[in-house]
Amino acid sequence: MTRSIRPLVAGNWKMNGLKADLAIAAEVAKGYDAALKRGVDIAICPPATLLFTTSATLIGTRIATGGQDCSTQGSGAFTGELSAAMLADAGASFCIVGHSERRTLHGESNATVKAKAEAAQKALLVPIVCVGETKGEREAGKALAIVEEQLRGSIPEGSTAGTLVVAYEPVWAIGTGLTPTAADVAEMHAAIRTELGLLIGKAAAAGVRLLYGGSVKPSNAAELMNVAHVDGALVGGASLKAEEFLAIARACNG
Ligand code: PEP
């Protein structure tokens, strides 16, 4: 953790969740007690169909919501797309952009991710910009170079600590049960902080929340969250179980 940074634990529900699953958000809200509220921010990023109702369910709880993607465009003839302003209108405060599933399955380039992050900021959403290397890239010793390149291509100029979150998610760790060693996470997060300093200035970079994501669960959260420059978690699978998600949040509340 970075002592001066309030951690954020964000849940990415991906393409999971029907109306009945609003109960998960309600249960998370119930467990977000005074001790947790003192030390950790929580956000839930449900599928877009549930964003408005999740936001409504969470009014008054201090739990934020977020989208999982947004259009690069503001409005118009873009069938099937959702603008950042629409997500904000549905109650969102955050928007995940550049998740590896979007980069891989939808061919999103760094330039597209940057345009989405800019669109999010324009709508006063905080983009959670995801970066991370594949297994092959790590094995080839290219993890740092790949992530630095993703940052250079994906981070909007002029971002500040309050308008940007970065999530390091090694592609090979997402949904696999595999995680990097604490030493590898420490090396990557320190490198991300340094690269951000070059891109947006050292003072701004010092306050940006750097999340780790990829198979975070209650059993490994404490170790991962205690790594320097890890300021919270982006949680996929475990965010669909309120008790597991809360346990991860408690591990951040150190
Ligand atoms: C994710 O998809 O952002 C993620 C981190 O997934 P999981 O926690 O399931 O690995």
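Look above for the structure.
Residues numbered from 1 in each chain as written. Predicted model: local features only at pLDDT ≥ 70, side-chain atom pairs only at ≥ 80, totals over all residues. Heavy atoms only, no water.

Q: I keep staring at helix α8 (residues 143-154) and nothing clicks. Help me out?
A: Think of an α-helix as 3.6 residues a turn; residues three or four steps apart then line up on the same face. Helix length check: α8, at 12 residues, gives a terminal C-alpha distance of 16 Å against a target of 16 Å (1.5 Å per residue), a fit within 8%. What α8 keeps buried is the set Ala143, Ile146, Val147, Gln150, Leu151 and Ser154. In a view along the axis of α8, the buried residues occupy a sector of 135°, so they form one face of it. On its buried face, α8 sits against α5 (100-105), α6 (110-122), β5 (126-131), α7 (135-139), β6 (165-168) and α9 (182-200). (Helix = DSSP H or I, 4+ residues; strand = E, 2+ residues; numbered from the N terminus. Expected span 1.5 Å × (residues − 1). Buried < 20%, exposed > 50% of the residue type's maximum accessible area, 1.4 Å probe, protein only. Arc of directions from axis to C-beta. Contact = heavy atoms within 4.5 Å.)

Q: Please explain the nonpolar core as it appears in this structure.
A: Across soluble globular proteins, you tend to see nonpolar side chains buried next to one another. Counting 64 residues, the largest nonpolar core has Val166, Ile192, Leu196 and Tyr212 as its most contacted members. The element contributing the most residues to this core is helix α12 (residues 242-252), with six residues. Aside from chain neighbours lying at most four places away, what touches Leu196 is Ile155, Leu164, Val166, Gly201, Ala205, Val208 and Leu210. Counting residues in each nonpolar core, the second largest holds 14 residues, with Ala10, Cys45, Leu211 and Leu234 among its members. (Core = buried A, V, L, I, M, F, W, Y, C linked by side-chain atoms within 4.5 Å.)

Q: When you look at the pattern of salt bridges in this model, what are you seeing that I'm missing?
A: Should the charged atoms of two oppositely charged side chains come close, the side chains can pair. A full pass over the atoms with the stated rule returns 14 salt bridges. Across the pair Glu139 and Lys135 runs a salt bridge, and its minimum N-O distance is 2.8 Å. Within this pair, Glu139 and its partner Lys135 are both found in helix α7, separated by four residues, close to a single helical turn. Asp231 is paired through a salt bridge with Arg193; the nearest N and O atoms lie 2.9 Å apart. Of the two residues, Asp231 sits in the loop between α11 (218-225) and β8 (232-235) while Arg193 sits in helix α9, which places them 38 residues apart along the sequence. (Salt bridge = Lys/Arg side-chain N within 4 Å of Asp/Glu carboxyl O.)

Q: Please explain the site of the ligand as it appears in this structure.
A: With respect to spatial proximity, 14 residues lie near the ligand, and among them Lys14, His99, Glu169, Gly175 and Ser215 are the closest. At a separation of 2.5 Å, an oxygen atom of the ligand approaches a polar side-chain atom of Lys14. Between an oxygen atom of the ligand and a main-chain N or O atom of Gly236, the distance comes to 2.8 Å. Relative to its unbound accessible area of 290 Å², the ligand is 95% covered by the protein chains. (Near = heavy atom within 4 Å. Polar contact = N/O pair within 3.5 Å; in protein donor to acceptor, adjacent residues only side chain to side chain. Areas by Shrake-Rupley, 256 points an atom, 1.4 Å probe, with all protein chains shown as cover.)

Q: What is the right way to read the packing of helix α1 (residues 22-31) against α12 from this model?
A: When two helices pack together, their arrangement is captured by the angle between the axes and the distance separating the axes. Where α1 meets α12, the axes come as close as 9 Å, and the angle between the chain directions of the two elements is 40°. Here α1 is positioned oblique relative to α12, judged by the angle of their axes. Where α1 crosses over α12, the handedness of that crossing is right-handed. Taking contact as the criterion, the partners of Ile24, Glu27, Val28 and Gly31 in α1 are, on α12, Ala242, Phe245 and Leu246. (Axes fitted to C-alpha atoms, helices over the stretch in contact; angles between N-to-C directions. Parallel < 35°, antiparallel > 145°, perpendicular 65-115°, else oblique. Left-handed = near helix turned anticlockwise from the far one by under 90°.)

Q: Mind showing me how you'd approach the environment of Lys217 here?
A: Within the element layout of this structure, Lys217 appears in the loop between β7 (209-213) and α11. Judged by relative accessible area, Lys217 falls into the partly exposed class, the value being 32%. As a C-alpha pair, Lys217 and Ala233 span 16 residues in sequence and 9.9 Å in three-dimensional space. When neighbours within four sequence positions are excluded, Lys217 is seen to be in contact with Gly177 and Ile248.

Fair warning: the whole summary comes from geometry, so function is off the table for now.
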